[in-house]
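# Chain and residue survey
Listed below, chain by chain, are the residues.
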Amino acid sequence: MILDKFKLDGKVAVVTGAGRGIGQAYAIGLAEAGADVALVDVIDQSETAGKIKALGRKVLTLSADLSKGEEEAPRIIAEVVKELGGVDILVNNAGIIKREPFTEHSAANWNLVLSINLSAPFFLSQQAAKQMIAQGRGGKIINIASMLSFQGGILVPGYAASKGGIKSLTMLMANELAKYNICCNAIAPGYIATENTRPIREDAARNKAILDRIPAGRWGTPEDLAALCVFLASPASDYMNGYTYACDGGWLAR
Ligand code: NAD
């Protein structure tokens, strides 16, 4: 039956940046669909972990600073395999944004954003893909893109470059990993109400300009994105590979 193809029973998912916001909604959505979930973050993850336990799923919390992705990725994947028995789904969600004009944009901000938003997904996906290949049962890797995978934005050069890079990296990964039945896709969220967007929501003029441009007429919520994550993590999307899917209330259509 069609709804059975969305089930994730027996799967192990890893979600980065799962302590709050969109990552929390992805982790809970995957658990509701049946997966055991490993959470990775620098902040406390007890709220997310409690909600997953309440669903009767196994949960593992790992504290890691993904600005050091090259060092942390092998440890993270090894811990997940040891504690949860394997890796079937990886969601590279952790991300930051630094707003500073292009001409003044500091090297520190540029390097930090690129390390968390682009390099960490590369290193984690590399480790996860090796594990998935060794397991021999395929897998799903979901990267998190942005409207700025398609548009330039303002004041956020590192963010725009990282999210453009994520879209390209996702295609490369799909090309190389499809032969192992590993699908790699990306979700491009529109304007979603989280901590990440609090500064622009609190700027009345920016907030109005954004709302006026969203055909749906409202900010998105993390829950708006969770169903797309479950779909891309499930057998229902087995023939979808290498694409970046917007979930944006119509923003890109405008
Ligand atoms: P958020 O700031 O609420 O959550 C980001 C999470 O990543 C947090 O839990 C944070 O602790 C974690 N994180 C940050 N730096 C980390 C590090 N060095 N190591 C480990 N974890 C770290 O943001 P969000 O809005 O939930 O964003 C989640 C993802 O969605 C990001 O990749 C973001 O770029 C993307 N996104 C968000 C929006 C939006 O409108 N909110 C739009 C497009 C894309």
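Each chain carries its own residue numbering, running from 1 in the direction its sequence is written. The predicted nature of this model means local features are confined to residues of pLDDT at least 70 and side-chain atom pairs, given and counted, to a pLDDT of 80 or more, with totals for whole chains, interfaces and linings taken over all residues. The basis for the side-chain values is all heavy atoms of the structure; hydrogens and waters are excluded.

### Side note on the overall build of the chain
Secondary structure elements are defined from DSSP: runs of H or I of at least 4 residues count as helices, runs of E of at least 2 residues count as strands, and each element is numbered from the N terminus. Across its full length, the chain holds eight helices and seven strands. A globule of 254 residues ought to have a C-alpha radius of gyration of about 18 Å, and the chain, at 17 Å, matches this closely. Referenced to the eigenvectors of the C-alpha coordinate spread, the extents of the chain come out at roughly 50 × 40 × 35 Å. Only protein chains enter the accessibility calculation, which uses a 1.4 Å probe; a residue whose area is less than 20% of its type maximum is buried, one above 50% is exposed, and one in between is partly exposed. Looking at the chain as a whole, 52% of its 254 residues qualify as buried. Accessible areas in this description were obtained via Shrake-Rupley with a 1.4 Å probe; residue shielding takes into account the shown protein chains only. Surface summary for the chain: the accessible area is close to 11600 Å², and the carbon and sulfur share equals 54%. The reference for a compact globule is 2.2 Å times residues^0.38; the radius of gyration itself is calculated from the C-alpha atoms.

### What to know about the pairing of strand β5 (residues 139-144)
In summary, the side chains of a regular strand alternate between the two faces of the sheet. Most of β5 sits out of view: six of its six residues are buried. Covered by surrounding structure in β5 are Gly139, Ile141 and Asn143 together with Lys140, Ile142 and Ile144, the residues of both alternating faces. Strand direction decides the pairing type here: strand β4 (residues 89-92) and β5, joined by four bridges, are parallel. Opposite Val91, over in β5, you have Ile142 as the bridge partner. In terms of handedness, the path from β4 via helix α4 (residues 107-135) over to β5 forms a crossover that is right-handed. Strand pairing is assigned whenever DSSP detects at least two bridges linking the two strands. Two strands pair when backbone bridges link them, and β5 and strand β6 (residues 182-189) are joined in this way by six bridges, in the parallel orientation. Bridge pairing in β6 places Gly139 opposite Ile182. The handedness rule is simple: strands pointing away from the viewer, and a clockwise path from the first strand over the helix to the second, make the crossover right-handed. Handedness of the crossover joining β5 and β6 through helix α5 (residues 157-177): right-handed.

### Description of the side chain of Ser149
Structurally, Ser149 is set in the loop between β5 and α5. Definition of a polar contact: a pair of N or O atoms within 3.5 Å, with one able to donate and the other able to accept a hydrogen when the atoms are protein atoms, and with sequence-neighbouring residues admitted only if both atoms are side-chain atoms. At 2.8 Å, the side chain of Ser149 and the backbone oxygen of Lys163 are in polar contact. If near-sequence neighbours (up to four positions away) are discounted, Ser149 is found in contact with Lys163, Gly164 and Lys167. Whether two residues are in contact is decided by their heavy atoms: any pair within 4.5 Å suffices.

### A closer look at the nonpolar core
Looking at soluble globular proteins, one finds that nonpolar side chains tend to be buried together. Nonpolar cores were defined as sets of buried Ala, Val, Leu, Ile, Met, Phe, Trp, Tyr and Cys residues, with membership established by side-chain atoms within 4.5 Å. Within the largest apolar cluster, 42 residues are counted, with the highest numbers of intra-cluster contacts made by Ile76, Val80, Ile141 and Tyr191. Of all the secondary structure elements, the ones that give two or more residues to this core are β1 (12-16), β2 (36-41), β3 (59-63), α3 (69-84), α4, α5 and β6. The element contributing the most residues to this core is α4, with eight residues. When near neighbours in sequence (up to four residues on either side) are disregarded, Tyr191 contacts Met147, Ile200, Ile210, Ile214, Trp219, Gly220 and Trp251. Listed in part, the 30 residues of the second largest apolar core include Ala13, Val15, Ile187 and Ala233.

### Some remarks on unusual backbone geometry
One non-glycine residue with positive phi stands out, namely Leu155, at about 70 degrees. Secondary-structure assignment places Leu155 in the loop between β5 and α5. Given the relative accessible area of 39%, Leu155 is considered partly exposed. Phi at Asn181 is positive, roughly 60 degrees, even though this residue is not glycine. In this fold, Asn181 is placed in the loop between α5 and β6.

### Focus on the packing of aromatic side chains
Centres within 6.5 Å make a pair out of two Phe, Tyr or Trp rings, where for Trp the six-membered ring is used; the pair is then stacked when the planes are under 30 degrees apart, edge-to-face when over 60, and tilted otherwise. Scanning all chains against the criterion turns up five aromatic pairs. By way of ring pairs, the aromatic residues Tyr191, Trp219 and Trp251 are connected into one cluster. The criterion is that NZ of a Lys, or CZ of an Arg, lies within 6 Å of the ring centre and within 35 degrees of the ring normal, and then a charge sits over that ring. When the ring centre of Trp251 is taken as reference, the NZ or CZ atom of Arg213 above it lies at 4.0 Å.

### Focus: the sheet that holds β1
Across the sheet, which stays open at both edges, the seven strands sit in the order β3-β2-β1-β4-β5-β6-β7 with parallel pairing between neighbours. Both edges of this open sheet fall to β3 and β7 (244-247), since each of them pairs with a single strand only. Ignoring strand direction, the axes of neighbouring strands in this sheet form an average angle of 20 degrees. The pairing of β6 with β7 spans four bridges and is parallel. From the neighbouring strand, Pro189 faces β7, where its bridge partner is Cys247. The axes used here are C-alpha line fits, helices contributing only the stretch in contact, and every angle between their N-to-C directions lies in the interval 0 to 180 degrees.

All we've got here are geometric facts, nothing functional implied.
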